[in-house]
Every structure is written in C-alpha cells, then in structure tokens.
Protein chains: 2
Amino acid sequence: MHEESPKFMNSKLALLNSSYCQKLRQWLPVCSWLRGYTRKDFGSDCFAGLITAILLVPQGVAYAMLAGLPAQVGLYASILPPLVYVLTGTSRTMSVGPVSIAAIMIAAALSAPDVARLGDPLGSAIILAAESGLILLLMALFRMGTLVNFISHPVLTGFTSGAALLIVGSQIPALLGLPKLHCGFDWSCYTNSIAGFNPLTTLIGIASLISLVLFDKPLNRLLTGLGLKQTWITGLCKTGPICVVVIGSVYVMLSGHQHQLATVGAIPAGLPALKLPPTHFENWRLLFPSAFFIALIAYVESVAIAKVTARFRKQRIDPNQELIALSGSNLMAALSGGMPVAGGFSRTMVNFNAGAVTQIAMLIAALLLAVVVTLFTDGFAHILKTSLAAIILVAITPLIKLRSILQVWQFDKADAIAEISTFGGVLLFGIEQGLGIGIAVTLLGYLWRTSQPHIAVVGEIPETQHFRNIKRHQVETWPNLLLIRVDENMTFANAGYLEDFVDCEIEQYPYLQHVVLIFTSVSYIDSTALETLENLIDSLAKNRITLHFAEVKGPVMDRLQATLLLSKLQPGQVFFTTHEAAQALSQREPVKPEIE
Amino acid sequence: MHEESPKFMNSKLALLNSSYCQKLRQWLPVCSWLRGYTRKDFGSDCFAGLITAILLVPQGVAYAMLAGLPAQVGLYASILPPLVYVLTGTSRTMSVGPVSIAAIMIAAALSAPDVARLGDPLGSAIILAAESGLILLLMALFRMGTLVNFISHPVLTGFTSGAALLIVGSQIPALLGLPKLHCGFDWSCYTNSIAGFNPLTTLIGIASLISLVLFDKPLNRLLTGLGLKQTWITGLCKTGPICVVVIGSVYVMLSGHQHQLATVGAIPAGLPALKLPPTHFENWRLLFPSAFFIALIAYVESVAIAKVTARFRKQRIDPNQELIALSGSNLMAALSGGMPVAGGFSRTMVNFNAGAVTQIAMLIAALLLAVVVTLFTDGFAHILKTSLAAIILVAITPLIKLRSILQVWQFDKADAIAEISTFGGVLLFGIEQGLGIGIAVTLLGYLWRTSQPHIAVVGEIPETQHFRNIKRHQVETWPNLLLIRVDENMTFANAGYLEDFVDCEIEQYPYLQHVVLIFTSVSYIDSTALETLENLIDSLAKNRITLHFAEVKGPVMDRLQATLLLSKLQPGQVFFTTHEAAQALSQREPVKPEIE
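Because the structure is predicted, anything quoted here is derived from the model rather than measured.

**Student:** Explain the overall build of chain A here, please?
**Tutor:** When you go through chain A residue by residue, the secondary structure sums to 29 helices and 8 strands. Expressed along its principal axes, the backbone C-alpha trace of chain A runs to roughly 100 × 65 × 60 Å. If you take every contact in chain A between residues at least 6 apart in sequence, the share linking residues at least 24 apart comes to 80%. On chain A, roughly 24,500 Å² of surface is accessible, and the fraction owed to carbon and sulfur atoms is 67%.

**Student:** I tried to follow the packing of helix H7 (residues 100–111) of chain A against helix H10 (residues 153–176) of chain A on my own but got confused; where do I start?
**Tutor:** For any two helices packed against each other, one specifies the crossing angle of their axes together with the interaxial distance. Residue and element names in this part refer to chain A. Put simply, H7 and H10 touch, their axes get as near as 10 Å, and they point 65° apart. With respect to H10, the axis of H7 lies roughly perpendicular. In the crossing of H7 with H10, the sense of the turn from one axis to the other is left-handed. Taken together, the residues of H10 that come into contact with H7 (itself represented by Ser-100, Ile-101, Ile-104 and Met-105) are Phe-159, Thr-160, Ala-163, Ile-167 and Ser-170.

**Student:** Explain the interface of chain A and chain B to me, please; I cannot follow it from the model alone.
**Tutor:** Between chain A and chain B, the residue contacts involve 93 residues of the former and 91 residues of the latter. Interface area for chain A against chain B, summed over the two sides, is near 8,900 Å², with a carbon-plus-sulfur share of 58%. Across the contact surface, chain A and chain B share 8 salt bridges. Note that Lys-307 of chain A is salt-bridged to Asp-500 of chain B, the shortest N-O span being 3.1 Å. There are 24 residue pairs in polar contact (both at pLDDT 80 or more) connecting chain A and chain B.

**Student:** Is there a simple way to think about the sheet that holds strand E7 (residues 546–550) of chain A in this case?
**Tutor:** All names here are of chain A. Ordered in space as E4-E3-E5-E6-E7-E8, the 6 strands form an open sheet in which the pairing is mixed. Unpaired on one side and paired on the other, strand E4 (467–469) and strand E8 (574–575) mark the two borders of the sheet. Bridge analysis of strand E3 (residues 455–460) against strand E5 (residues 481–486) gives 4 bridges, and the strand direction is antiparallel. Bridged to Ala-456 within E5 is Arg-485. Across the face of the sheet, helix H26 (residues 527–542) comes into contact with strand E6 (514–518) and E7 while running at roughly 140° to E7.

**Student:** Is there a simple way to explain the relation of the copies chain A and chain B in this structure?
**Tutor:** Both copies of the chain are tied together by a single rotation about an axis and a shift running along it. In screw terms, the move from chain A to chain B is a rotation of 179° and a rise of 0.0 Å along the axis, fitting with an RMSD of 0.2 Å. Here the transformation between the copies is reduced to the relation of a two-fold axis. Among all residues of chain A, the one whose C-alpha sits closest to the rotation axis is Ser-521 of chain A, at a distance of 2.6 Å. Both copies present the same face, since 98% of the interface residues in chain A are matched by interface residues at the equivalent positions in chain B.

**Student:** Mind showing me how you'd approach helix H15 (residues 240–255) of chain B here?
**Tutor:** Note that an α-helix has 3.6 residues per turn; residues three or four places apart therefore point the same way. All names here are of chain B. For H15, spanning 16 residues, the distance from its first C-alpha to its last is 23 Å, which sits close to the expected 22 Å at 1.5 Å a residue. By the burial criterion, the buried members of H15 are Gly-240, Pro-241, Val-244, Val-245, Gly-248, Ser-249, Val-252 and Ser-255. The arc that holds the buried residues of H15, viewed along the axis, is 155°, so those residues lie on one side. Of the exposed residues in H15, the ones pointing more than 90 degrees away from its buried face are Ile-247 and Leu-254. Looking at the packing, one finds that the buried side of H15 touches helix H4 (39–66), helix H12 (199–215), helix H14 (230–237) and helix H21 (385–396).

**Student:** Got a minute to help me understand the sheet that holds strand E6 (residues 514–518) of chain B in this structure?
**Tutor:** Note on sheets: strands pair through backbone hydrogen bonds, and any given pair is parallel or antiparallel. All names here are of chain B. With respect to topology, 6 strands assemble into an open sheet ordered E4-E3-E5-E6-E7-E8, the strand pairing being mixed. What marks the edges here is a single partner per strand, and that holds for strand E4 (467–469) and strand E8 (574–575). In this structure, E6 lies alongside strand E7 (residues 546–550), joined through 5 bridges in parallel fashion. Its bridge partner being in E7, Ile-518 is matched across the sheet by Ala-550. Relative to the sheet, helix H26 (residues 527–542) contacts E6 and E7, its axis offset from that of E7 by approximately 140°.

**Student:** How should I be thinking about empty space enclosed by the protein in this particular structure?
**Tutor:** Empty space among the atoms becomes visible once a probe the size of a water molecule is rolled across them. Within the structure shown, the criterion is met by 4 cavities of 30 Å³ or more. Estimates place the volume of the largest cavity at around 230 Å³. As for the largest cavity, its lining consists of 18 residues, and the residues nearest its centre are Tyr-446, Thr-450 and Glu-488 of chain A together with Tyr-446 and Glu-488 of chain B. For the lining of the largest cavity, the secondary-structure elements that each account for two or more residues are helix H24 (431–450) of chain A together with helix H24 (431–450) of chain B. In the lining of the largest cavity, the residues fall into 5 nonpolar, 9 polar and 4 charged. Of the volumes computed, that of the second largest cavity is approximately 50 Å³. Around the second largest cavity, the lining residues are Val-457, Val-458, Gly-459, Glu-476, Thr-477, Trp-478, Leu-481, Leu-482, Leu-483 and Tyr-509 of chain B. Elements represented by at least two residues in the lining of the second largest cavity include exactly strand E3 (455–460) and strand E5 (481–486) of chain B. When its residues are assigned to classes, the lining of the second largest cavity shows 7 nonpolar, 2 polar and 1 charged.

**Student:** Honestly, helix H22 (residues 403–411) of chain A in this entry has me stumped. Any pointers?
**Tutor:** Three or more residues of H22 of chain A are buried, namely Ser-404, Ile-405, Val-408 and Phe-411 of chain A. The buried residues of H22 of chain A occupy an angular sector of 125° when the element is viewed end-on, so they sit on one face. For H22 of chain A, the exposed residues lying more than 90 degrees away from the buried face are Arg-403, Leu-406 and Gln-410 of chain A. Contact partners of the buried residues in H22 of chain A: H10 and helix H23 (413–429) of chain A together with H26 and helix H27 (554–561) of chain B.

**Student:** Looking at this model, I keep getting lost on the pairing of E6 of chain B. Mind explaining?
**Tutor:** Along a regular strand, successive side chains alternate from one face of the sheet to the other. All names here are of chain B. Burial analysis of E6 places 5 of its 5 residues in the buried class, which makes it a mostly covered element. Residues His-514, Val-516 and Ile-518 line one face of E6 and the alternating positions Val-515 and Leu-517 line the opposite face, and both faces are buried. Sheet analysis places E5 next to E6, joined by 5 bridges and oriented parallel. Bridge pairing in E6 links Leu-481 to His-514. As for the winding sense of the linkage, the β-α-β connection from E5 through helix H25 (residues 492–506) to E6 is right-handed.

**Student:** In this structure, what is going on with the packing of aromatic side chains? I would like to understand it.
**Tutor:** Here the distance between the centres and the angle between the planes together describe a pair of aromatic rings. For the structure shown, the criterion picks out 7 aromatic pairs over all chains. Among the aromatic residues, ring-to-ring pairing joins Tyr-446 and Phe-492 of chain A together with Tyr-446 and Phe-492 of chain B into one connected group. Lying across the ring of Phe-411 of chain B, Arg-559 of chain A places its NZ or CZ 4.5 Å from the centre.

**Student:** What should I look at first to understand the environment of Ala-130 of chain A in this one?
**Tutor:** Residues and elements named next belong to chain A. Assignment of secondary structure puts Ala-130 in helix H9 (residues 121–141). Look at Ala-130 and you get buried, because its relative accessible area is 4%. Distance in space between the C-alpha atoms of Ala-130 and Val-115 is 16 Å, their sequence separation being 15 residues. Apart from residues no more than four positions distant in its own chain, Ala-130 is found in contact with Pro-277, Trp-284, Asn-330, Leu-331 and Ala-334.

**Student:** Before we go on, may I ask you to explain the pattern of salt bridges in this structure?
**Tutor:** Pairs may arise between side chains of opposite charge once their charged atoms sit close together. Evaluation of the coordinates by the stated rule reveals 16 salt bridges over all chains. Across the pair Lys-217 of chain A and Asp-216 of chain A runs a salt bridge, and its minimum N-O distance is 3.8 Å. Take Asp-216 of chain A: its relative accessible area is 35%, and that puts it in the partly exposed class. Salt bridges linked by common partners bring Lys-307 of chain A together with Glu-499 and Asp-500 of chain B together as one network.

Reading the values: the criteria
- The residue numbers shown here count from 1 along each chain, following its written sequence.
- Key to labels: chains lettered from A, ligands numbered from 1, both in the order written.
- Per-residue local features are limited, in this predicted model, to residues with pLDDT of at least 70; the limit for side-chain atom pairs, both in listing and counting, is 80 or more; totals at the level of whole chains, interfaces and linings are taken over all residues.
- The side-chain numbers reported here are obtained from all heavy atoms of the structure, hydrogens and water having been left aside.
- Counting from the N terminus, the helices are the DSSP runs of H or I reaching at least four residues and the strands are the DSSP runs of E reaching at least two.
- Only heavy atoms matter for contacts: two residues are in contact if any of them lie within 4.5 Å across the pair.
- Where accessible areas are quoted, they stem from the Shrake-Rupley method and a 1.4 Å probe; at the residue level, only the protein chains shown are allowed to cover.
- Axis angles are defined between N-to-C directions and span 0 to 180 degrees, where every axis is a line fitted to C-alpha atoms and, for a helix, only to the segment in contact.
- Under this scheme an angle from 65 to 115 degrees is roughly perpendicular, one under 35 degrees roughly parallel, and one over 145 degrees roughly antiparallel; angles in between are oblique.
- By definition, any crossing whose near helix is turned counterclockwise from its far helix by less than a right angle is left-handed, and any crossing with a clockwise turn is right-handed.
- We define buried area as the total accessible area lost by two parts upon association, computed with a 1.4 Å probe and summed across both.
- The term salt bridge refers to a side-chain nitrogen of Lys or Arg lying within 4 Å of a carboxyl oxygen of Asp or Glu.
- Within 3.5 Å is the distance limit for a polar contact, defined as a pair of N or O atoms, with the added protein rule that one can donate a hydrogen and the other accept it, and that residues adjacent in sequence qualify only through two side-chain atoms.
- Criterion used throughout: strands pair if DSSP finds at least two bridges between them.
- For this overlay, a least-squares fit was computed on C-alpha atoms, restricted to residues scoring pLDDT of at least 70 in both copies.
- One fewer than the residue count of a helix, multiplied by 1.5 Å, yields its expected span.
- Relative accessible area decides the class of each residue, using a 1.4 Å probe on protein chains only: under 20% of the type maximum gives buried, over 50% gives exposed, and in between gives partly exposed.
- By arc we mean the arc of the directions from the helix axis to the C-beta atoms, nothing more.
- Only protein atoms enter the 1 Å grid used here. Points where a 1.4 Å probe fits but cannot escape make up a cavity, open sets with protein on both sides within 12 Å along at least five of seven lines make up a pocket, and a residue lines them when an atom lies within 4 Å of a point.
- Grid points are joined across faces, edges and corners, and a volume is the space filled by probe spheres set on the points.
- Charged residues are taken to be Asp, Glu, Lys and Arg, nonpolar residues to be Ala, Val, Leu, Ile, Met, Phe, Trp, Tyr, Cys and Pro, and polar residues to be all remaining types, Gly included.
- Handedness rule for crossovers: strands pointing away from the viewer, path from the first strand over the helix to the second running clockwise, crossover right-handed.
- Stacked, edge-to-face and tilted are the three classes for Phe, Tyr and Trp ring pairs, Trp counted by its six-membered ring, which pair at centre distances within 6.5 Å; planes under 30 degrees apart are stacked, over 60 edge-to-face, the rest tilted.
- Two limits define a charge over a ring: the Lys NZ or Arg CZ must be within 6 Å of the ring centre, and within 35 degrees of the ring normal.

Okay, here's the thing in structure tokens:
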C-alpha cells in the first residue's frame, strides 16, 4: 500500500523539481520558500509580524502567569523557539510559542505534589520543554507522527473544553484580586480569601474584560462599516490586549502602587542566556508523563492548525518534518529558559489574517519581542495581573464547546461517549488522566466496531454485471452458489466473525456447491485471517463445497502467492471478476431450496 | 451492518423451525439435537464415551498433578462440569474438563508468592474456577465474545508454545524422580536434588515415554496394516496412557513400595460433595487477574476446537452460548471441588474420532468416571508420578510449534513479532505477562496499520465502465478531474492520512476543478472523518476545486443525511457510479498538465 503514501509522493515531487538544495530542503523547508521571495511578500510579512508581535507580548506574559511561571519565561519562549521553527517548519504561516492549553498542562504538572516538593518550578518547566522536545524527536525518528491520529477529534474537543474550563476557574481569583484559592472544604479559608477581595482590581478586571470583547467583533464591524482595508481592521482589532495592558500599567504607575494592586513585578532586562536545563534524574523521571502528554497535545494542535492554514493556500504540511521542527523549537525553549511551545491557534490566525506570506513574519515578530525584552522590561513591572486574567479569559472562552457534544451525539454515539468521558475525566481526575481516559475509550470502541465488519451476500442485478446485497436489491441468486462480499481488510479482529458468517450462511443452502469470497474491499490479510481461510477451505471441502475467491487485489495476490493457500484452494479458483465466477459456477436451472 | 450478523441469522433460523421448545433450545441446545436421536447414534456415543473415559482417567489425574493439586481434583473436574456442558453447550462433540494449558496457568497462579502465602492451594483452585465462571458469565451478558478475537492466532500459538515448554520443564523432575527444583542459582541445591535422583523411576519414566510414543502412530499404522476397523484402531491407540498407568501401579503394588517410588497416594473414595467455594475476599482479589486470563484462554481454545469439529459436520457454534456453557461448567467445577475446565483439544479429538455423535458420549464418559471414583479409588494410591509425567510430556510436546514462527515471519512480519514477543514473554516474565505483552503488541501493530489505509487514484479503463488504480493499469485520466478511491472505513485512525493524501495529490494537478471520493469500500464514517471531509470541502473550495462523492453505500448515505455535510458539499454532488461522475465532470479535450 505504500506506493500511494504521501511520503512517497513527497519524495516523488522532490525528484521532479530536483535542485542543488533538494536534500537540504527536506530538512530546512525554508530553502523551498525562500527562493522567489519578493519585496511585496516582505512588505506583507513585516506588517503581519508587527501585528503578531503586538499580540504576543501580552499573551506571552499571560500564559507564563497561567503556567505559574515568571513573566519573562513566556517572552523568552516567544523569541528563539519560533526562529527554530522558521528554519525547520513546513507551515509558512504558523506561529509557534507559548499556548494556553500547554500552559495549563504545565501548571498542572508543576502543582503535582511530588513535583511541587522539588521547588524550582522554573527549572521543572525547562525540563518539561527539554523532555517534550526529546519525545517529539523520538516520534520523528520512528515516524510515529501517524500515531497521534489516535487522539480523535471528539477526544480533542472534549479535552480542550475541559482544560479551558479549568483555565477559566484558575483565572477568576486573579481577575477579582482574590488570593489564590486552594481551600478544598476549609470554609474559613474561603472567607479569608473573600476578605482579601479587592474592589478596585475587580473593577479594572471587568472593565478590561468588556473592552476586550468590544475590541473583537464590534470594533471589526464598525471599521468594516467605515470601509477600512481588511488587513488594517484585523491589525487594529488585535491591539485590544496591548491597549488593556498598557492602560492598566500606566494607571498603576500614576497611582504609584498605593492601592496594592497585584502586578507582574520587575523582570530581568535583556535576552535570555543560553544554558543547559537542570539534570537531576529524579526531576526528569517525575516530569516525564506530563512531558509526554504535553508533547502529544502540542503536536496534535500544531499540525491541525498548520494543515488548516496551509490548505487555504494550497501548500502542504509534512507531519514528520513538523515533529522535527516542534522538537527543535521545544529544545531551544529549554536552552533559552522558556516554557514548552506549540503552534497556537489564535496567534497563527492573527498572523495569517494579517497577511503573513512566509515565516519571515514570525522572524520579524521574534525580533520585535527581542527588542521589547532588551529595552522595555521596566514597563512590565507595572502590568496588572487582572488585565492578564481578562486577556486569558477572552482568549480561552471560545475553546469551551459543549454544544459539540450534542452534535456528535446525533451522528455517532460512541464518539460522543468518548468526548463526554474525556471532558468529565479532565474535570474530575485531572488533565492528563482525562486525556488518557479519552484515548482508551476511543480505542475500545474502535476495536469493538472493527470486530464486526460489513459482510454481504450478493447477487447479480439482472442484465448487468453488477452484484449487490441480496437484502437491499432485487438480484439473481443460484441455489448451488453463494457469493459473499467481504467489505473490510481481513485481520485477527474480524476473522472469527467471517467464519461465523459463512458457517451460518451455508446452513441455509442445502444444495450449495460453491462459495465465492469477493475481495473487492480487501487490501490486507493477516496471518490469523490466512489460517481462518485455510480452515474454511478444509471444512467446506468436508461438506463437498468448494471455496473460490474473486476480485483479489494485486498486493493481496502477491502476498497470497507466498503462501500455500492458493494450492490448498484447489479445485477452487481465483476469478478476476464476480461476473466470471457466477458465469463459471452457477447452475442455470433453479432448484427450490428447502430449509432444514 | 447488523442485519447481516450471525446472531440475526440465528434468530431467523429459530423463527423458521419454530417449535414449542424454541426459546428453551436457545438456552439448552440439548433440546435441538435430542429430538431425532436414534439408537444407532446411541451406539456410537457409547463407544466414543468409553474410549474417552479411558483417556480421561489418567489425563485428569495427570493435569491435577501438573496444576499442583490432589489427584481427585482432576477427576472431579471431569464428572459434573462436562454434564453442565452437555446440557448448555452448542458443540456436539467437544469434551470439557481439565486441560493442560489451564493446568499450568493454575500452577503458576498458585505458586505466586502472595497466593502461596495463603496456603490451601485446593481452596485457591476452587476460587479460580468460580471466578473464571463468573468472568465468562459477565462476558456473555455483555456479549463480549467477539473481544477475544483480539488474541490473534500468532499470539495464541506463541503463548501455547511457551506454556508447553514450561510444562515440559516442570515435568522433567517427576519423570526422573528428582525432588522438585526451586534452586535458582543455589548450586548446592541442584547437587542435592541430583543426589535424590532415582534410577528406577527414571527407567520406568523413559520406558513409559517410549511405549506411549509407540502406542500412537506406529501402533496405528500396524493395526491399519492388519485392516482393523478405524474406530477400533483409534480406540486401541488411546489406551496407551491407561496401560502405562496400570502397568506402573501393578508393579508398585507387587514390589510393595520398597523402592520408595513417588506415587499419587491415597485419594478419598466416592463422589465429591457439593459445597460453596471459600469466600475470603482477599483470596478472591489476589486470584482475580489469573482467573481472568484463565477464563480468556479457556474460552478462546474451547471455541477454536468447537468450531473445527462443528464445521466438519456442518453444525454451528454460537460463541455467546459457549460463554454461558463454559461459565456454567466452571461454576459447577467450583461447586464440586474441581479445577477450572475448558474444551480440551486431545480429549475432544479422541471423542470425535471415536465416532461421538452428540454430547451423550460425554454423558457416558462422565458416568464411567463417576463409577471409577466411587469404586476403584484404592488403585490410584499406587499410580506412579513418573508415568503421569510421561503422559503429560507426550500430550504436550506437539503444542510446541516453533517452526510456525518462521512461517508467520515469511507472511507477515508484524504477526511474527507478536508471536515471538508472546513466546519470549511467557518464558521470561511468566504466563499471564507473556499473554498480556502479546495482546498489546498485536493491538499496537493493528493501530499502526489501520492508520495507513489503502487509497488509490483511479482512472477509467478505455471502452469499459471499470475504474482501476492508475499505478497498476493503463487507464484514462483527465487534467481537471481527480478520482480517489478510499479502500477502508473512514475513522479517526486514518482521516488524517486521507487529508495528507488529497493535499499532496492536488498539488500535482494544476488544472484541477473536481475531486471525486469513491466510497465503494466505505461502510462506516465516524465524526472525526466527517469533520475532515468538511474541512476538505472548505479548503478545496478555497482553491476553486469542488469535492464530489461517488458510490456511497446505503447505510453511509443514511448517516450522512443526518448531518450538514451534504448541504456543505454543494455545488458538489453525490454520484451513483464513478462512471457517471467521470461522464459529468471530465473535460474531454486533454490539457497537458505541468508540474510546478
């Protein structure tokens, strides 16, 4: 089956437009799009890069806070890691950096008792980034990109909704200026935290929330009404977060911290120093499971986003190269004191809608962020946590898609169950556990289904050479001939089912002489199914019934030729078409079949 | 798909020959075959029952010893449990009772440190039987019979070979009259056991071994030469074990135990008293995992054997009813102080070849065993353990099929890897662990494979309405039309792959206007695939390409009608045949496609 796989196509393409940096282009896709890069492209990229940077500054700080890390970690993660992706990524418009879901997963990992006991959350975050990078690298080496398919869309949606709901919960205290709640059932603790409630913070928080909402669709509609250029509209609408942050900080500066409003606090100026992550084996061991799930989700989300944007422009994503690119980005995040990164949905969409043509846009955004962390770090000291909470809440709420459960339920109960159990699992047992539960449920349902393949007894539609299910169409059948169409690959999962099916069919055809298995849809037969077929031949022979095959595909035939099956089949034959089989085997004079 | 399931057929049959004990017949299949039972049948059943009983006496004792239990346990397990199966089983010739693989699994379970600490191995064995019975009952209630399909043949073979090898190892000491070896790396222990080596035992053991081998094929050939009736030949050849046992015991009796040869020792006379199994929760908890695997293997082996024999006579096995029957048999084993039971291969084949027509044969065998345990128990005291070891070795060795690994390897690497890891797992990590490893490896390989479905770009074979893979046949294609045949159900497992495939195909058709997905082999679409199709429609539209479907099956169409997909598909259409699609969409004037 491999000659039709995209990998093959890919290499075939490479062959077609072979050039000096052909091999290089595979590892550094930048080569393929840098050629033919025009000044016009550069113009759009500059604009898109600027817009994206304006979003990334507050977002980076906010997601660092969400992950329970110092503000600069989010900024560092938005500078060098994206540059690695610029060189190695196959998506031209995806923006890599800190993302909300990964952030909450990091927060969960860091707050786990064993990990918390280690102290040094920053060190742990860096280890998480390093481990995720290595895990993604391993997946790339073993070409295991496809395995993430097993996070089905319903599970992913359920997971995202659950995680988003957790994020909302985690941001309420910051928004209202309450001290962080870890009260459990200790009511006095709650009352204390309520006592710590800060009206001014709440006021600013709500205000920021409202203005952010207004900055989005309403402003967009207004400007469209004024007939502004679309890219400018997108640009202006995305300045919401930065405005909220700036206004907030300015107010704090003027009021001189007298209202003890919670702020981000001073952060070190200048670019991050590159240094290797901490190497305490114990910490690596403890963090591994979290790193694994973070890597999985980072990859799944990034590829999903990359594919959407790429297909809009008829470009292509190489899933395996993406593994390498994301691995590199996360390793770079670990080296430059950042947090685990991925392709973010909001940041990518901003970049894309602002007209980014290539990764040059991200290059420019990264440079701007570098400038910010070198020159304007003083400003960060005054950033209000409540504004950041508002930014997170506005960014996160759209991810909570409970209605989707209903839609899925109407179409596929099993999928809906998987989605619900993931969602519930995340809320009840925690983020990683929820994801694990979801995957397990999906796989069980899948195995259950594949163990009941679609198998049909077919007959010939008179005056045609078409054979259809006798249950659905008026077709001609013959008492001495049974035509069975197997509609799925034959594997251990359904071989037993086929056996049962044939056993119970032959019972009803007392005059049966020939059984023909039609392999139109069979492109793979494993050794369990092979044994089953051999048993079938023997036992049918015992009843003086001959087994035949029809429409066996090329690759299947090749494999069967390597076995004794075809010789065992004698006197049974392999027919090219079902029609030929019917011609050769059917008795034209009908015999009234009796049922025992 | 369910209207084609055997269950349905089954009920349809029941409807056809509806009679007063129709419902009853479902639960007590005995009804269906007892009507029309002739004196002639009874004759053959009596003979078969006698032959089987002659085999079962030594085998029962031997397998009890193999499981590390008192001799009578094996006999008790051969009396009442088979009777339950006689009434409830759907196989007419399968012989249920103690089997070698289950026996070694019991031995492994009982010798596990935690369980051994409990003492009372007999009580534990009874709990194992009770738990297996209950587990099988649960599987029956939830109709989970199909799930055991996930023990593929290679895994089963690897498991059996591994277990058989362990059995051989376990019987060597008994055969040579060494004390049981649990020495590990303590060499003095080995030397001691060698000191305990008993030349006379060894002599008798080897002698029994040789005579058992001679009793099998050589004797068979000899008698055939003499032109004896086949059933008689089978009968005589199966007397080997009993002869070996009897001769051995007689010698012991005459020599009056002076050579201190290891014997079975006295066993209580009379039938077992029915009583409930012990109810210490701790023991039940500890034994559960073992019980689970024993139940699984018992069911898989029984159904496999039942199917083989049933199909020889054009009879049918209802897998779910088998669950009930085996569950009942094991519960009865627990009540009557026996060990877990299953359908044994050797015993069933003896019964079948001796000409058994119905379960009456097993009824008679059970009655004969009942007579034996009531009247002749004194004789058992003198049975030599070495003779029993010889019987086990001869019975077990054929189960070691190492060559099969090579055969499987030639046909399917993945299956071979599963078989090897199961075999190795059993030897290195233990019986249950090995089985678990095997199942895990199979599932991983399966998921890996299904994530790369067979997808082909097809074209029309000139002057026909047949469409074939453009890679394999000389076919007509059109620059504005891409025909893609999806050869598997569309699920989360392969939706991403389809996406990649289409993405990389459209890249190569610069003049593309229409993409047609041909669903000949698609009988199921899950919600992940549904979303993928919706994304495809959008993104293709972005490139001014229209997506169409062709040959959508009835059930799939029904499901799609419940969604928005078909309305989203507009202006794309759903064509009845690929030919119609090509007719409607293809530009006849060929345009030379350039590759970018």
